[in-house]
Amino acid sequence: MKIALVHDMLVQEGGQERVLRALQELFPEAPTFVLIYDRDKKEKFYKDRDIRASFLQNLPWVEKKFQWYLPLMSSAIESHDLSGFDLILSSCSSFAKGAIATPGTTHVCYCHTPTRYLWSNWQGYVEDLPYPDFIKKFLPFYLSQLRHWDWSAAQRVDKFLANSKTVQERIKKYYSRDADVIYPPVDTHKFYIAQKISNYFLMGGRLVPYKRYDLAINAFNKLNIPLKIFGIGPEFNRLKAIAKSNIEFLGEVSEEEKAKLYAECLAFINPQEEDFGITAVEAQAAGRPVIAYRAGGAREIVKEGETGVFFNDQEWEDLANTVIHFQPEKFNPAIIKNHAEQFGREKFKQEIKKFVDGIGGKN
């Protein structure tokens, strides 16, 4: 079976890119079609891969200012020549689902979420954009048109896979499509249980508004308890400016440093509503409990009382109260780590291969 992989764009590193790399390992002969790619990231992570960009790649400043070209992205993803392939496997949180399959070709979309800035969080997306108010005033009219394209593109997909039950429900709500759930790959083997725990709580990932780092910072400002935050993103300077001295920003850390941070923390803080929540799984793979907002993928990842605890109101007061009453000594690191193994990388690859083999058997 001749397979093509389709991905939105390669301009940042996150859970979606981990899924892509696992798919590339599973199907090493498959070319990867993207809207655009960052040349540095291609050299670092995809040096030996066949990456094929759309016509957007040749436009000015596209790697750093790709938001400028949003009106062209639907046309760009549809412009890929996918003739001659038996299966298109797209990894999508925005445009990849719109790739057009030729007759006789099956398109399976692994959906990380229905496009967030069109459906579940479009108001917040517009508010957080660093654009003048007059642009923000007209942007919703364009997003309404793009929403129609997004729904139409979803109808062209032959089969959806969701990265969580939460996303499965959203696919049904926004696209009126059914989906099977295959949890995304987490490199659980990279994390270990430490012999000694330190005195800090931990939080980290991409520093973007919807992840609600500000909520945790406000809570720990009041508590005056050590909190370490790893990661970079557009919110870095703003968050650092509102944090008190008990909160340490670590920036981008190596995989080895991250594993040590997880292993020695009292608990990992997850204040956001995630589609899945890879960092929460990584923390559990290190045997550490998670304090999570009871919403989204965390409800599937965290087993209350066994691998972590929940807080119910997305307010700093409720998080602070949960941290005050948190008792890390009540959690068994070995049980937590064993729970995390169900989200391992090899499990993901096995389930994807089984799914694809099933499609091949029907053709």
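Our structure is the block above this text.
Predicted, not measured: the structure shown is a model, and the values here were computed from it.

Another point: the packing of aromatic side chains. Within this structure, the stated rule accounts for 19 aromatic pairs. Between W61 and W68, the ring centres sit 6.1 Å apart and the planes meet at 80°, which makes this aromatic pair edge-to-face. W61 sits in the exposed class, given a relative accessible area of 63%. Between the aromatic rings of Y110 and F348, the centroid separation amounts to 5.7 Å while the plane-to-plane angle is 90°, which identifies the pairing as edge-to-face. On the criterion of sequence distance, the pair formed by Y110 in strand β5 (residues 106–111) and F348 in helix α14 (residues 345–362) is long-range, its members being 238 residues apart. Ring-pair connections join several aromatic residues into one group, and the members of that group are W119, F160, Y174 and Y175.

All of the buried residues in helix α6 (residues 165–175) are T166, V167, R170, I171, Y174 and Y175. Axial view of α6: buried residues confined to an arc of 135°, hence all on one face. Those residues of α6 that are exposed and aimed more than 90 degrees away from the buried face are E169 and K173. At the exit of α6 stands S176, carrying a positive phi of roughly 55°.

Take the nonpolar core next. V6, L35, L56, L82, F95, F160 and I171 are the most contacted members of the largest nonpolar core, which has 40 residues in total. Tallying contributions element by element places helix α5 (residues 133–156) first for this core, with 6 residues. Once you skip the residues sitting within four places of it in the chain, F95 turns out to touch D8, L35, L70, M73, S74, I77, Y117, L146 and W149. Counting 30 residues, the second largest nonpolar core, distinct from the first, contains L223, I229, I269 and V309.

Take the sheet that holds strand β4 (residues 87–92) next. Spatially, β3-β2-β1-β4-β5-β6-β7 is the arrangement adopted by the 7 strands of the open sheet, whose pairing is parallel. Two strands bound the open sheet, and with one partner strand each, they are β3 (51–53) and β7 (179–181). Here the strands of the sheet are splayed against their neighbours by 25° on average, with no regard to which way each runs. Taken together, the 3 bridges between strand β6 (residues 159–162) and β7 define a ladder with parallel strand orientation. When the sheet's bridge partners are listed, A162 is paired in β7 with V181.

About the criteria used
Residues numbered from 1 in each chain as written. Predicted model: local features only at pLDDT ≥ 70, side-chain atom pairs only at ≥ 80, totals over all residues. Heavy atoms only, no water. Phe/Tyr/Trp six-rings, centres within 6.5 Å; stacked < 30°, edge-to-face > 60°. Buried < 20%, exposed > 50% of the residue type's maximum accessible area, 1.4 Å probe, protein only. Helix = DSSP H or I, 4+ residues; strand = E, 2+ residues; numbered from the N terminus. Arc of directions from axis to C-beta. Core = buried A, V, L, I, M, F, W, Y, C linked by side-chain atoms within 4.5 Å. Contact = heavy atoms within 4.5 Å. Pairing = 2+ DSSP bridges. Axes fitted to C-alpha atoms, helices over the stretch in contact; angles between N-to-C directions.

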